[in-house]
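This is what each chain is made of:
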Amino acid sequence: MPENGNVGRVTATEAAHRALAALRAAHGGPVMFVQSGGCCDGSDPMCFPSGELALGEGDMLLGVIDGCTFSIDADQYQALGRPRLVLDVEPGSPGGFSLAAGDGLHFVTRVAGTSRARSRRSQSSWTAE
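In this text, all values refer to a predicted model and were calculated from it rather than measured experimentally. (Residues numbered from 1 in each chain as written. Predicted model: local features only at pLDDT ≥ 70, side-chain atom pairs only at ≥ 80, totals over all residues. Heavy atoms only, no water.)

Here's the deal with the sheet that holds strand 1 (residues 10-12)
Remark on secondary structure: sheet strands pair via backbone hydrogen bonds, oriented parallel or antiparallel.
Next, step 1: Taking strand neighbours across the sheet as the criterion, the three strands line up as 1-6-7 in an open arrangement whose pairing is mixed. Edge strands, defined here as strands with exactly one partner in the open sheet, are strand 1 and strand 7 (105-111). For this sheet, the mean inter-axis angle between neighbouring strands, taken without regard to orientation, is 35°.
Next, step 2: In the sheet, strand 1 pairs with strand 6 (residues 85-91) via three bridges, with the strands oriented parallel. Counted as the bridge partner of Val10 is Leu85 from strand 6.
Next, step 3: Along the sheet face, helix 1 (residues 14-27) touches strand 1, strand 6 and strand 7 and points at about 75° away from the line of strand 6. (Pairing = 2+ DSSP bridges. Helix = DSSP H or I, 4+ residues; strand = E, 2+ residues; numbered from the N terminus. Axes fitted to C-alpha atoms, helices over the stretch in contact; angles between N-to-C directions. Contact = heavy atoms within 4.5 Å.)

Okay, structure coming up:
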């Protein structure tokens, strides 16, 4: 999995840190995130128990938050302009097979420095504001 010097390009809000702590406790260890490419479940990050999803050769590690890896397709990351991402939570159910961020919550990502979360519910574009 290419790293391309990008480890540390994702951070998290306090709400996301709290959700991660609860998930780690519930699952007995870390979880993993894979940033969705914006297809069926929009652009929400997908969250799984660590190691549950096999990553491809084109996936790269973007960072580690509280012991939990955050990966993204390298071509997608390049096309997005190599932004710094912020992991957060919003009300609503997670998409696909993603773990919830808590009761009635799902994880979202936004581009650092912008105020609106990038989720399938708020917008499908990744362009910076």
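From this point on, the discussion continues.
Things to note about the side chain of Asp59
Next, step 1: With respect to the helices and strands, Asp59 occurs in strand 4 (residues 59-65).
Next, step 2: Buried Asp59, no salt bridge; nearest opposite-charge side chain is Arg82, N-O distance 14 Å.
Next, step 3: Among the polar contacts listed, one links the side chain of Asp59 to the backbone nitrogen of Gly56, at a separation of 2.7 Å. (Buried < 20%, exposed > 50% of the residue type's maximum accessible area, 1.4 Å probe, protein only. Lys, Arg positive; Asp, Glu negative; His and termini not counted. Salt bridge = Lys/Arg side-chain N within 4 Å of Asp/Glu carboxyl O. Polar contact = N/O pair within 3.5 Å; in protein donor to acceptor, adjacent residues only side chain to side chain.)

Concerning the packing of aromatic side chains
Next, step 1: Summed over the entire model, instances satisfying the criterion amount to two aromatic pairs.
Next, step 2: Look at Phe33 and Phe70: their rings are 5.9 Å apart centre to centre, the planes differ by 25°, and that puts the pair in the stacked class. You can see Phe33 sitting in strand 2 (residues 31-35) and its partner Phe70 sitting in strand 5 (residues 68-73), a full 37 residues away along the chain. Considered together, Phe33 and Phe70 belong to a single accessibility category, that of buried residues. (Phe/Tyr/Trp six-rings, centres within 6.5 Å; stacked < 30°, edge-to-face > 60°.)

Comments concerning unusual backbone geometry
The phi torsion of most residues other than glycine is negative, and most of the peptide bonds are trans.
Next, step 1: At Asp66, a position not held by glycine, the phi torsion is positive, near 50°.
Next, step 2: Note that Asp66 resides in the loop between strand 4 and strand 5.
Next, step 3: Classification of Asp66 as partly exposed rests on a relative accessible area of 36%.
Next, step 4: In this model, Arg82 sits at a positive phi of 55°, which is unusual for a non-glycine residue.

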